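Examining the three-dimensional arrangement
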Amino acid sequence: SAVRSVSLAAAGARGEALSELDDARKELGADSKKVATLYLMNHYFCSLSRERTKELLVEFFRMDPETDVAVRGPKDAPPADGRTPASNAPAAKPGLGSRNPIIQLISNAAEWAGV
């Protein structure tokens, strides 16, 4: 359970706590599941685990489409080369101008993980 993962973390068993939290996410409500997923994503991002970061981001974006659009832009965004079809000017990158630290973290992790 999520409470068990907090207890394990407090006792210094961080690896076990992360595993327990990952397992507990299945039982959590929608908002709590998003918070737990962000916590795990941040851990794996800081640990330089690209594949696990990517998996958690994809899962998070499925749970929160608004954040997906804020970070990656709408599905009909300009091409990946960063140029708008109508001009040669670089397209604005979603999320990077945000003052919200969570959006900035997610945006940085998404860019690093290739999501």
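1. A word on the packing of aromatic side chains
All told, the structure shown has two aromatic pairs when counted by the stated rule. Between Phe45 and Trp112, the aromatic rings sit 5.5 Å apart at their centres with planes inclined by 65°, giving edge-to-face as the arrangement. You can see Phe45 sitting in helix 3 (residues 30-46) and its partner Trp112 sitting in helix 6 (residues 101-113), a full 67 residues away along the chain. Residue class for Trp112 comes out partly exposed when judged on its relative accessible area of 22%. If you follow Arg50 out to its NZ or CZ, it ends over the ring of Trp112, 4.3 Å from the centre.

2. Some points on the packing of helix 5 (residues 65-72) against helix 6
Where helix 5 contacts helix 6, the axes come no closer than 9 Å and their chain directions differ by 65°. Here helix 5 is positioned roughly perpendicular relative to helix 6, judged by the angle of their axes. Seen along the crossing, helix 5 lies across helix 6 with a hand that is right-handed. Side by side, helix 5 and helix 6 meet where Thr67, Ala70 and Val71 of the first sit next to Ile103, Ile106, Ser107 and Ala110 of the second.

3. Let's talk about unusual backbone geometry
Even without a glycine there, the phi angle at Leu48 is positive, about 65°. On the basis of relative accessibility, which here comes to 65%, the residue Leu48 falls in the exposed class.

4. Examining the packing of helix 3 against helix 6
Helix-helix packing is described using two parameters, namely the angle between the two axes and the distance between the axes. Where helix 3 meets helix 6, the axes come as close as 11 Å, and the angle between the chain directions of the two elements is 50°. One finds that helix 3 runs oblique with respect to helix 6. As helix 3 packs across helix 6, the resulting crossing turns out to be left-handed. Together, Leu38, Met41, Asn42 and Phe45 of helix 3 and Ile102, Leu105, Ile106, Asn108, Ala109 and Trp112 of helix 6 make up the contact between the two elements. Residue composition of the contact of helix 3 with helix 6, grouped by class: eight nonpolar, two polar and no charged.

Rules of the game
- Residues numbered from 1 in each chain as written.
- Predicted model: local features only at pLDDT ≥ 70, side-chain atom pairs only at ≥ 80, totals over all residues.
- Heavy atoms only, no water.
- Phe/Tyr/Trp six-rings, centres within 6.5 Å; stacked < 30°, edge-to-face > 60°.
- Helix = DSSP H or I, 4+ residues; strand = E, 2+ residues; numbered from the N terminus.
- Buried < 20%, exposed > 50% of the residue type's maximum accessible area, 1.4 Å probe, protein only.
- Lys NZ or Arg CZ within 6 Å of the ring centre and 35° of its normal.
- Axes fitted to C-alpha atoms, helices over the stretch in contact; angles between N-to-C directions.
- Parallel < 35°, antiparallel > 145°, perpendicular 65-115°, else oblique.
- Left-handed = near helix turned anticlockwise from the far one by under 90°.
- Contact = heavy atoms within 4.5 Å.
- Nonpolar A, V, L, I, M, F, W, Y, C, P; charged D, E, K, R; others polar.

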